[in-house]
Amino acid sequence: MPATIIDGKAVAARLRAQIARDVAELPAPPSLATLLVGEDPASAVYVANKRKLCVQAGMRDLHHHLPADIGADALGGLIDQLSADPEVTGILLQLPLPRHLDPAPLLDRIHPDKDVDGLTETSTARLVLGTPGLRPCTPAGVMVLLDDAGVPLQGAEAVVVGRSGLVGKPMAQLLLQRNATVTICHSRTRDLAAVCRRADVLIAAAGVPRMLGPEAVKPGATVIDVGIHRTDAGLCGDVDTDAVREVAGAITPVPGGVGPMTIAMLLRNTVTAAGLMTRAPAGV
Ligand code: NDP
């Protein structure tokens, strides 16, 4: 029997509806400040989508479109200002930045309680320590999908292919916190397929189109495809979905799997940030 399809689009829509209800119950709507630097067309589309869904969920959209040649001091100064502004709930610095800007020190100027992408050093430390904080959206969205599909994690073998700070590493931490036995693979892993075949839960986040085929999948495993690639034949992920469906127990499609969850989790983080603000007023 072919694998069950995990419908991320439907889960994300339900989650966004719940977020809108949560927002309506807050004393004031949270606000999301998006910072877009330059004219990268893909980034412009991502930010426009985030802003649209933010407004749809009843939140305030505070957008800043900045020139491509903005200096680190000016951008950092704006981030400091937004971090200190009680009217701003969440701050999102859209990546990638133009070459002359080093993202890490700029991200770190975002107040950790407003870090809705969960990418600052403080948010990373909170994730690793398992203390309350804002988690990176894509891996957090994967966890919601796994829970929604009823995938048992305690004691499960989980293999994460990819070790980026954006996806692979935080993904592994979140799985570890749920008591999975986690293996992280990367470009230097020996016999990748053999390692992946151990997985009850296989997370593909390598950024290589259709890299994982049925030989890398244990029968009945849950396969989460984080990869997204634009090809002449349309969008595809890191998994050869059609072939893997014959082996796996459940699988996320591309598109319509992990992708829609990422923005839903950004909105969820913005609501969580509103809670962090009421707990302790933000200061820098
Ligand atoms: P990166 O390029 O930053 O990281 C890729 C990771 O995969 C690296 O750790 C790399 O290893 C590893 N890798 C690359 N090739 C291989 C290989 N042949 N075998 C084993 N490991 C390999 O990518 P990201 O983590 O940012 O993104 C991964 C994918 O997820 C991309 O396709 C991206 O577009 C997608 N993505 C999707 C999102 C969504 O919302 N759906 C959000 C974010 C990302 P090494 O460290 O050794 O170089």
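Note that the structure is a prediction, hence the values are computed from the model and not measured.

1. Here we look at the sheet that holds strand 6 (residues 181-185)
Pairing within the open sheet is parallel, and its six strands lie in the order 1-11-8-7-5-6. One side of each edge strand has no neighbouring strand; the edge strands of this open sheet are strand 1 (4-5) and strand 6. Of the pairings in the sheet, the one linking strand 5 (residues 157-161) to strand 7 (residues 201-204) comprises four bridges and is parallel in character. Pairing of V160 across the sheet is with I203, part of strand 7. Sitting on the sheet, helix 7 (residues 168-177) touches strand 5, strand 6 and strand 7, and the angle it makes with strand 5 is about 170 degrees.

2. Focus on the site of the ligand
Residues in close proximity to the ligand total 22 residues, the closest being R163, S164, H186, S187 and T262. Contacts to the ligand include H186, whose backbone N or O atom sits 3.4 Å from a nitrogen atom. Contact between the ligand and A206: an oxygen atom at 3.4 Å from a main-chain N or O atom of the residue. Contact with the protein chains covers 69% of the free accessible surface of the ligand, which is 930 Å².

3. A few points about the sheet that holds strand 2 (residues 31-37)
If you trace the three strands from one edge of the open sheet to the other, you get 3-2-4, paired in parallel fashion. Of all strands in the sheet, those with a lone pairing partner are strand 3 (60-66) and strand 4 (90-93), marking the two edges. The mean angle between the axes of side-by-side strands here comes to 15 degrees, regardless of whether they run parallel or antiparallel. Across four bridges, the pairing between strand 2 and strand 4 is parallel. What sits directly across from A33, in strand 4, is I91.

4. Re the UniProt feature "domain: Tetrahydrofolate dehydrogenase/cyclohydrolase NAD(P)-binding" (unreviewed entry) in the protein
Per the UniProt record, the feature "domain: Tetrahydrofolate dehydrogenase/cyclohydrolase NAD(P)-binding" (unreviewed entry) sits at residues 136-274. Taken as a whole, residues 136-274 contains 35% helix and 19% strand, while its terminal C-alpha atoms sit 17 Å from one another.

5. Points about the side chain of T34
Turning to its location among the elements, T34 is positioned in strand 2. The buried category is assigned to T34, whose relative accessible area is 1%. Separated by 2.8 Å, the side chains of T34 and H63 make a polar contact. Setting aside residues up to four positions removed in sequence, T34 forms contacts with V47, R51, D61, L62, H63, H64 and L92.

6. Structural notes on the nonpolar core
Core analysis: the biggest nonpolar cluster contains 47 residues, and L146, L175 and I203 have the highest contact counts within it. Every element with two or more residues in this core is listed here: helix 1 (8-25), helix 2 (41-56), helix 6 (137-148), strand 5, helix 7, strand 7 and helix 10 (258-279). Examining the composition of this core, we find that 10 residues originate from one element, helix 10, more than from any other. Both domains that meet at this core, namely domain 1 (27-114) and domain 2 (137-259), each give it at least three residues.

7. Considering the packing of helix 1 against helix 6
One way to put it is that helix 1 packs onto helix 6 with a least axis distance of 11 Å and a crossing angle of 100 degrees. In terms of their interaxial angle, helix 1 and helix 6 are classed as roughly perpendicular. Only V144, L145 and D148 of helix 6 make contact with helix 1, whose side of the interface consists of G8, V11 and R14. Classifying every residue of the contact of helix 1 with helix 6 gives three nonpolar, one polar and two charged.

8. A look at the state of the cysteines
Within the structure shown, the criterion is met by zero disulfides. Of all cysteine sulfurs in the structure, the one in C54 sits closest to C137, which takes part in no disulfide; the separation is 13 Å. The closest cysteine sulfur to the non-disulfide-bonded C196 is located on C185, 5.0 Å from its own sulfur. On the basis of relative accessible area, C196 is assigned to the buried category, the value being 1%.

9. Considerations on unusual backbone geometry
Note that the residue after L95, namely P96, is joined by a cis bond; omega there is 0 degrees. Mapped onto the secondary structure, P96 falls in the loop between strand 4 and helix 4 (103-107). Following V254, the chain continues into P255 via a peptide bond in cis, with omega recorded as 0 degrees. Residue placement: P255 occurs in the loop between strand 11 (250-251) and helix 10. Its identity as a non-glycine residue notwithstanding, N179 has a phi of 70 degrees, on the positive side. Mapping N179 onto the fold places it in the loop between helix 7 and strand 6. Of note in this structure, R210 is not a glycine but carries a positive phi near 45 degrees. Summarising the element assignment, R210 is placed in the loop between strand 7 and strand 8 (222-225).

Each value, and the rule that gives it
- Residues numbered from 1 in each chain as written.
- Predicted model: local features only at pLDDT ≥ 70, side-chain atom pairs only at ≥ 80, totals over all residues.
- Heavy atoms only, no water.
- Pairing = 2+ DSSP bridges.
- Helix = DSSP H or I, 4+ residues; strand = E, 2+ residues; numbered from the N terminus.
- Contact = heavy atoms within 4.5 Å.
- Axes fitted to C-alpha atoms, helices over the stretch in contact; angles between N-to-C directions.
- Near = heavy atom within 4 Å.
- Polar contact = N/O pair within 3.5 Å; in protein donor to acceptor, adjacent residues only side chain to side chain.
- Areas by Shrake-Rupley, 256 points an atom, 1.4 Å probe, with all protein chains shown as cover.
- UniProt positions renumbered as here; feature names shortened; annotations may be inferred.
- Buried < 20%, exposed > 50% of the residue type's maximum accessible area, 1.4 Å probe, protein only.
- Core = buried A, V, L, I, M, F, W, Y, C linked by side-chain atoms within 4.5 Å.
- Domains from an automatic or database assignment.
- Parallel < 35°, antiparallel > 145°, perpendicular 65-115°, else oblique.
- Nonpolar A, V, L, I, M, F, W, Y, C, P; charged D, E, K, R; others polar.
- Disulfide = S-S within 2.5 Å.

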